[in-house]
Each structure stands twice: as structure tokens, then as C-alpha cells.
Amino acid sequence: MNASLEAGQRGGLSWTGHARNETAGQTAARTRIDSVDLVRGLVMVLMALDHVRDFFAPGGFNPRDVTDPALFMARWITHFCAPAFVLLAGVSAFLYGERGRSTRQLSRFLLTRGIWLVLIELTLVRLAWTFSFDLGYYFSQVIFAIGASMIALSVLVFLPRSAVAAIALVLIAGHNLLDPIKAESFGPAAPIWNFLHEPALLQFGATVKWFAVYPLIPWIGVMAAGYALGPVFTLDRAKRTRWLVGWGTVAVVGFVLLRASNVYGDPAPWSVQAGAIATLLSFINCEKYPPSLLYLAMTIGPTLLLLAAVENARGRFAAWVTTFGRVPFFYYVVHVFVIHAL
């Protein structure tokens, strides 16, 4: 691996070393982190709520309508799913590499797994969503974004972890500077920009349509951030909790301050509405496609705090939800087939 973890007696983190150390932190990394699986399971249950709405709700309404609080919140609460899922995929990639694997082995795993996920999105997952064998329509959603981000991470893992963290920060915090750039300015290469930053329904030839839903630039940044955060999960529970609470608080406070300023971070500024509740909903009504800086701060910050909060979670419900978090891809595919069939 391309980092040295000095998490044993000192409890610190090294972000720039390249040697592997047989420390207590590395030993801890060989076991599953229950809090990661529990939070992943929780967001996957929330994800099912969003997909039930997709299949069962009548058309013609706007789930981001701030004048309909119940509908808005039923959609807004599910915003935590994709950022948490992608971030934790990055954390899991780090932990996978720490279990005695070289950087090259980790890179090969991420590359092959990423390609596999992209192919599965275009075949099995597409079938689950459409119940159709029509080869004229495709879409790239969260599984596609995770696969493509893994492919990108397969290259980034050769860099020092400090460089991976810096790239993640630039992609997450800086990508809204790219909002004024429109795909049509690239001429024949416009679809490349649609896949990277500007979602669109694309037409290839006379018969093939492709809905590019999850632009990749910010999602690659989220997975890289999860990978850079990975060393925190090799610390003992108390130290890990302090790190998670610290970074989660920074993200939440940063969201509130930057959103209040209406200066940067989301393409749609908030505004005062007719009532206090509608004004609050306008404040948290951030863009997901692509996920703006404020959208990611609003969702990743509480996710980190939740990871800290569930460190000591025990009991039947926690074990039940954790099971879903340990088989995320199986759960995803099966739940879409079941909801669609119903």
C-alpha cells in the first residue's frame, strides 16, 4: 500500500508514507468495521423508499417542491444514500488493500470490479429497472458511477494518500466552477462532457438513447475522499469517533455558512419563501445532478456523524440492518426487481 499507518500507540495518521507497518491499526483493518456496514445498510433501506416512490407514485409532481413539506422530505431524506454509498465504497477499498495486499493488487481489484459494475449496470440492473430487452435505451446511474469511480481510483491508489485527498477536495469543492461550461461547446465531443459533468439524454445513431444521470467528476471525488479517509477506520474506537465527529462537524458547519452566503456551491440559490418551513426547505434544496459541493457537504457531514454515533450500536435491529450493508450489491439488484414486480 502507498501509506504508512502509525495508528498503534500514538493514534496518529500518516498520509504520505509508502511503507507497510504491522501495527495494531493494520490488524484492526483486517476485520470488518460494523459501523460502516450498519450505516451502509441504513442508507440502502432509505434508498428503497426512493425507489418505491419511483414505481408507485403518480407522475406529474415535483418532489423538490418546497411548498409540499411531506413530499419534499420523503425525497430529501434519500439524498443521503448515494453520497454515503460511494464514500463508504472508497473506505472499503482502502480496508481491502490493508488486508495484506500490495498497491498493484488493490489497483487490479478496483479496475476489474469497476468494469464489472459498469457492465452489470448496462445489463442486469437495466433489466431490473425496465423489464425490457430493448437494446435501444441505456442509462448510467449509481452503479455505473461507482464502477467508473473504482476505475479512476485504481489509478489514484498509486499516489501518496495526501495527493488522493487533495484531488478529492478539488473535485468536490471545485467542480461547481465548471457549471458555466456547456456540453454543446465541445461539438462532437459533447457526450464526453455529459458523462463527466452535465447530465443529459443522449442520442447515438438512429436508435440508441442513453440517459447520463450521474456525472462522474464529483462522484470520483467522493470515492477518493472515502479512500483518503480510510486510515481513520484503522484507529481504535475512541480515536476513530473523534476524527469522524471532527470532520463531520466541519462539513455541517461549512454547509450552513456557505449556503447562507449564497455565494458558491450550488447552481440554485436559496430564497425566503412564504413560510418558515418552506424557507428552510429552500435552504436545504441542493442539486444532486451533478451533486453540488453543498449537496455533498449536507449529506456527507451527517454521514460521518452517524458513523460515529453508531459505533456502539447493538441489538437485533442493528444486526438486521448490518446484514444489508454487508451484501450491498445483492440487495440493490434484488430490491429493484422486487419493487418493480410489485
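Summary of the structure given here. (Residues numbered from 1 in each chain as written. Predicted model: local features only at pLDDT ≥ 70, side-chain atom pairs only at ≥ 80, totals over all residues. Heavy atoms only, no water.)

Regarding the pairing of strand E3 (residues 208-212)
- Taken together, the 4 bridges between strand E1 (residues 137-140) and E3 define a ladder with parallel strand orientation. Bridge pairing in E3 places Phe139 opposite Phe211.
- Alignment of strand E2 (residues 200-204) against E3, held across 5 bridges, turns out to be antiparallel. What sits directly across from Gln203, in E3, is Lys209.
- Counted between consecutive antiparallel strands, the loop separating E2 from E3 contains 3 residues, among which Gly205 sits at a positive phi close to 70°. (Pairing = 2+ DSSP bridges. Helix = DSSP H or I, 4+ residues; strand = E, 2+ residues; numbered from the N terminus.)

So, a nonpolar patch on the surface
- Taken together, Val52, Phe56, Val327, Phe330, Val334, Val338 and Leu342 make up a surface patch of nonpolar side chains, about 660 Å² in accessible area.
- Listed by contribution, the elements that provide at least two residues to the nonpolar patch are helix H2 (34-56) and helix H14 (328-341).
- Ranked by residues supplied to the nonpolar patch, first place goes to H14 with 3 residues. (Patch = residues over 30% accessible without salt bridge, like charges linked within 9 Å, V, L, I, M, F, W, Y side chains within 5 Å. Areas by Shrake-Rupley, 256 points an atom, 1.4 Å probe, with all protein chains shown as cover. Salt bridge = Lys/Arg side-chain N within 4 Å of Asp/Glu carboxyl O.)

Some details on the layout of surface pockets
- Taken as a whole, the largest pocket spans an internal volume of roughly 690 Å³.
- As for the largest pocket, its lining consists of 24 residues, and the residues nearest its centre are Leu169, Ile172, Ala225, Trp247 and Ile300.
- Listed by contribution, the elements that provide at least two residues to the lining of the largest pocket are helix H7 (161-174), helix H9 (216-229), helix H10 (237-261) and helix H12 (293-309).
- Here the lining of the largest pocket is built from residues that sort into 23 nonpolar, 1 polar and no charged.
- Arg40, Ser92, Arg113, Met150 and Pro328 are the residues nearest the centre of the second largest pocket, which is lined by 24 residues in total.
- Those elements giving two or more residues to the lining of the second largest pocket turn out to be H2, helix H4 (81-98), helix H5 (103-130), helix H6 (142-156) and H14.
- The element contributing the most residues to the lining of the second largest pocket is H4, with 6 residues.
- Looking at the lining of the second largest pocket residue by residue, the classes come out as 17 nonpolar, 1 polar and 6 charged. (1 Å grid on protein atoms, 1.4 Å probe; cavity = no way out; pocket = protein on both sides within 12 Å on 5 of 7 lines; lining within 4 Å. Points joined across faces, edges and corners; volume = space filled by probe spheres on them. Nonpolar A, V, L, I, M, F, W, Y, C, P; charged D, E, K, R; others polar.)

Quick notes on H7
- Spanning 14 residues, H7 covers 19 Å between terminal C-alpha atoms, matching the ideal 20 Å at 1.5 Å per step.
- Among all positions of H7, only Arg161, Val164, Ala168 and Ile172 are buried. Down the axis of H7, the buried side of the element spans an arc of 60°, and every buried residue falls inside it. When the buried face of H7 is taken as reference, the exposed residues oriented beyond 90 degrees from it are Leu169 and Val170. (Expected span 1.5 Å × (residues − 1). Buried < 20%, exposed > 50% of the residue type's maximum accessible area, 1.4 Å probe, protein only. Arc of directions from axis to C-beta.)

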